[in-house]
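This is what each chain is made of:
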Amino acid sequence: MLSARRWKVSVAAVVAVVPLTLVLPAAVPASAAPQPPAAVPGEALADDLIVVGHRGASGYRPEHTLASYELAARMGADYIEPDVVSTKDHVLVTRHENEISGTTDVAARPEFADRRTTKVIDGVPLTGWFTEDFTLAELRTLRAVERLPDVREENTLYNGLYQVPTLDEVLDLRDRLSRELDREVGVYIETKHPTYFDVVGLSLEEPLLADLRQARLDGQRAPVFIQSFETANLRELDRQGVRVPLVQLMTAVGAPYDLLAAGDPRTYAELSSASGLRDIASYAEGVGPEKNQVIPALPDGALGAPTALVDDAHAAGLLVHPYTFRNENTFLPPVLREGPMPDDYGRALVEQAAYWEAGIDGMFTDNPDTGVVSRQLFLSTVQPVF
Ligand code: G3P
Ligand code: CA
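Computed from a prediction, not measured in an experiment: that's the story for all the values here.

1. Focus: the site of ligand 1
Thought 1: Around ligand 1, the structure places His54, Arg55, Glu81, Asp83, His96, Glu190, Lys192, Gln227, Phe229, Leu249, Tyr323 and Phe364.
Thought 2: In the model, an oxygen atom of ligand 1 is placed 2.6 Å from a nitrogen or oxygen of the Arg55 side chain.
Thought 3: One nitrogen or oxygen atom from the side chain of His96 is found 2.6 Å from an oxygen atom belonging to ligand 1.
Thought 4: Here ligand 1 has 280 Å² of accessible area as a free molecule, and 92% of this is covered by the chains.
Thought 5: When grouped by side-chain class, the residues that make up the shell around ligand 1 number four nonpolar, three polar and five charged.

Laid out in structure tokens, this is it:
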């Protein structure tokens, strides 16, 4: 059973009462401080509500850089989230996708102009520059840039400062920060395009397990999750006896690419049903749904009532860690937007309150400091006045 529930506030009340100010409690009692994560499959995990720094603290720094991960940990994220892809020489590096023109300065590098090409990734033609066409040494000459310069203009201040990290470097950073902060900083690692990387002979899972082993993060109590939008690689990792918990990612529409490629007609909607979730529980410890699979947005822009997903997942013994929570208006339900600009901050704490109340076990957020505050409020005996 989930144990960490304190104050209760109905979703309807949160969304219907739309005051102009948000009054936070002056202080959160020390006894309500969130507990450190215990990354053990099963019940031990279910007692912890975790905040995952999505691509680091990507609301404040270019995503998937050491600076972004470090800031997330310093803001209180329990886990930092590296997405991994492979280089040509089979080293895992952290990028949201293998096409890197949106997050690095590769397009401005004349020496790599001839690497621009078109490939079919997960059934979709894509033109650009791809990590698997670069050695690690070549990739290291590039510099990260902000993916969303229109929404996060402040982050462009850091364009050109940071390299593309290897997973090894992220695990080293995790170790250093865990010592310094005197708590375990976890890593919530996502394999990106695993079927594609298998086909091109750069399978992700073997180097991932080797990196975890080398960092002594392969044990049952290691603060690690492995997540994937595909199913076959998670099933395979489970069959191999991987001891860290596995998480099946899902979306509101579409289907896992490995199932599509195999001619299997199952969709994410079927995976999200009560029976689909019971099946996921045969190989994984949690699910990572898109946030509107937990609380759908209504046509009038308000948050609706929670779906059955959280209850069904918990009944199957699965954790629920939805993605992705962000502060800016453009990512919030219309009734929670404040100010005229898409990049103005809206009432993200109100949104997050509704999700904690719906029973989620953790959240992926680009703004880990906001996630930590919303969790503190939820765990507090002092009821916030929104
Ligand atoms: O892994 C959780 C969430 O990150 C999934 O979405 O596309 O941001 O990797 P994405
Ligand atoms: Ca991810």
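2. Regarding the pairing of strand β12 (residues 362-365)
Thought 1: Because side chains alternate across β12, one face comprises the buried residues Gly362 and Phe364, and the other comprises Met363 and Thr365, equally buried.
Thought 2: Examined bridge by bridge, strand β1 (residues 50-54) and β12 share four bridges and lie parallel to one another. Along β12, the bridge assignment pairs Val52 with Phe364.

3. Observations concerning the coordination of the calcium ion (ligand 2)
Thought 1: In the first shell of the calcium ion (ligand 2), the protein supplies Glu81 (OE), Asp83 (OD) and Glu190 (OE), at 2.1 to 2.4 Å from the metal.
Thought 2: Seen from the calcium ion (ligand 2), its six donor atoms lie at angles of 56 to 161°, and the figure they make is irregular.
Thought 3: Of note, the donors binding the calcium ion (ligand 2) are all from one chain and are spaced E-x1-D-x106-E. Residues Glu81 and Asp83 agree in their burial class; the two are buried.

4. Considerations on the packing of helix α3 (residues 66-74) against helix α5 (residues 167-181)
Thought 1: For the pair α3 and α5, the least separation of the axes is 11 Å and the interaxial angle reads 30°. Compared by their axis directions, α3 and α5 come out roughly parallel. Here the hand of the crossing between α3 and α5 comes out right-handed. For the pair α3 and α5, the contacting residues are Leu66, Tyr69, Glu70, Ala73 and Arg74 in the first and Glu169, Val170, Leu173, Arg176, Leu177, Glu180 and Leu181 in the second.
Thought 2: Of the residues in the contact of α3 with α5, the class split is seven nonpolar, no polar and five charged.

5. What about helix α7 (residues 205-214)?
Thought 1: For α7, the set of buried residues is Glu205, Pro207, Leu208, Leu209, Asp211 and Leu212.
Thought 2: Of the surrounding elements, those touching the buried residues of α7 are β4 (92-94), α5, β7 (186-191), α6 (194-199), β8 (224-228) and α8 (232-239).
Thought 3: Two residues or fewer past α7, Arg216 is found with a positive phi of approximately 55°.

6. Some remarks on the pairing of strand β3 (residues 83-86)
Here is the key point about a regular strand: its side chains alternate between the two faces of the sheet.
Thought 1: Of the two faces of β3, the one lined by Asp83 and Val85 and the one lined by Val84 and Ser86 are each fully buried.
Thought 2: Bridge count between β3 and β7: two bridges; the pairing is parallel. Counted as the bridge partner of Val84 is Thr191 from β7.

7. Digging into the packing of aromatic side chains
Thought 1: This structure, assessed with the given rule, holds ten aromatic pairs.
Thought 2: Consider the rings of Trp356 and Phe378, whose centres lie 6.4 Å apart with planes at 15°: the pair is stacked. Separated by 22 residues along the polypeptide, Trp356 in helix α14 (residues 348-357) and Phe378 in helix α15 (residues 368-379) bring together distant segments of the chain.
Thought 3: A relative accessible area of 0% places Phe378 in the buried class.
Thought 4: An aromatic cluster is defined as three or more aromatic residues linked by ring pairs; in this entry it consists of Tyr79, Tyr188, Phe225 and Phe364.
Thought 5: The aromatic ring of Phe134 is capped on one face by Arg115, whose charged end is 5.1 Å from the ring centroid.

8. Re the nonpolar core
Thought 1: Counting residues in hydrophobic clusters, the biggest one holds 82 residues, and the most contacted among them are Val224, Ile226, Leu277, Ile280 and Val294.
Thought 2: By residue number, the principal contributor to this core is α14, which donates six residues.
Thought 3: Formed by nine residues, the second largest nonpolar core is a distinct cluster that contains Ile50, Tyr79, Leu319 and Tyr323.

9. Quick notes on the pattern of salt bridges
Thought 1: Overall, the coordinates contain 27 salt bridges when judged by the stated rule.
Thought 2: Here Glu63 ties to Arg55 by a salt bridge, and the two come within 2.9 Å at their closest N and O atoms.
Thought 3: Residue classification places Glu63 among the buried residues on the basis of a relative accessible area of 7%.
Thought 4: A residue is classified by how much of its surface remains accessible, and Arg55, at 10% relative accessible area, is buried.
Thought 5: Across the pair Arg176 and Glu180 runs a salt bridge, and its minimum N-O distance is 3.9 Å. Taken together, the residues span about one helical turn, with Arg176 and Glu180 both in helix α5 at a distance of four residues.
Thought 6: Classification of Arg176 as partly exposed rests on a relative accessible area of 41%.
Thought 7: Here the salt bridges do not stand alone but share partners, grouping Arg55, Glu63, Glu97 and Arg147 into one network.

10. Some thoughts on unusual backbone geometry
Negative phi characterises most residues that are not glycine, and trans characterises most peptide bonds.
Thought 1: Residue Thr324 is bonded to the preceding Tyr323 through a cis peptide linkage, with omega at -10°.
Thought 2: Relative to the assigned elements, Thr324 resides in the loop between β11 (319-320) and α14.
Thought 3: Even without glycine at this site, Arg55 takes up a positive phi of about 60°.
Thought 4: Among the secondary structure elements, Arg55 is positioned in the loop between β1 and α3.
Thought 5: One non-glycine residue, His193, lies in positive phi territory at about 55°.

Calculation criteria
Residue numbering note: each chain is counted from 1, following its sequence as written. To label them, take the chains in the order written and letter them from A, then take the ligands in the order written and number them from 1. pLDDT decides what is reported in this predicted model: residues at 70 or higher carry local features, side-chain atom pairs at 80 or more are listed and counted, and totals for whole chains, interfaces and linings draw on all residues regardless. Computation of side-chain values: all heavy atoms of the structure, hydrogens and water removed. Working definition: residue near molecule or strand if any one of its non-hydrogen atoms lies within 4 Å of it. Whenever a nitrogen or oxygen atom comes within 3.5 Å of another N or O atom, the pair is scored as a polar contact, on the condition that within protein one atom can donate a hydrogen and the other can accept it, and that pairs from neighbouring residues in sequence are kept only if both atoms are in side chains. We get accessible surface area from the Shrake-Rupley algorithm with a probe of 1.4 Å; when it comes to residues, only the shown protein chains can shield them. Note on residue categories: nonpolar means Ala, Val, Leu, Ile, Met, Phe, Trp, Tyr, Cys or Pro, charged means Asp, Glu, Lys or Arg, and polar means any other residue, Gly included. Exposure classes here rest on a 1.4 Å probe applied to the protein chains alone. A residue is buried below 20% of its type maximum, exposed above 50%, and partly exposed in between. In DSSP terms, a helix is any run of H or I states spanning at least four residues, a strand is any run of E spanning at least two, and both are numbered starting from the N terminus. Only strands joined by at least two bridges in the DSSP assignment are considered to pair. Distances up to 2.8 Å from the metal define which N, O and S atoms are donors, and 3.2 Å serves for Na, K and Ca; water is absent from the atom set, so sites may look incomplete. Square planar and octahedral assignments, for four and six donors respectively, both demand that opposite donors be over 155 degrees apart and that all other angles lie between 65 and 115; tetrahedral needs four donors with all angles between 85 and 135 degrees, and anything else is irregular. A fitted line through C-alpha atoms serves as each axis, taken over the contacting stretch for helices, and the angle formed by two N-to-C directions is quoted from 0 to 180°. With respect to orientation, any angle under 35 degrees is reported as roughly parallel, any angle over 145 as roughly antiparallel, any angle of 65 to 115 as roughly perpendicular, and every other angle as oblique. With the far helix as reference, a near helix turned anticlockwise by less than a right angle produces a left-handed crossing, and one turned clockwise produces a right-handed crossing. Contacts are assigned to residue pairs with any non-hydrogen atoms lying within 4.5 Å of each other. For this analysis, a ring pair means two rings from Phe, Tyr or Trp (six-membered ring only for Trp) whose centres lie within 6.5 Å, classed as stacked if their planes differ by under 30 degrees, edge-to-face if by over 60, and tilted for the remaining angles. By the criterion adopted, a ring carries a charge over it if an Arg CZ or a Lys NZ lies within 6 Å of its centre and within 35 degrees of its normal. By nonpolar core we mean a set of buried residues, namely Ala, Val, Leu, Ile, Met, Phe, Trp, Tyr and Cys, connected to one another through side-chain atoms within 4.5 Å. The term salt bridge refers to a side-chain nitrogen of Lys or Arg lying within 4 Å of a carboxyl oxygen of Asp or Glu.

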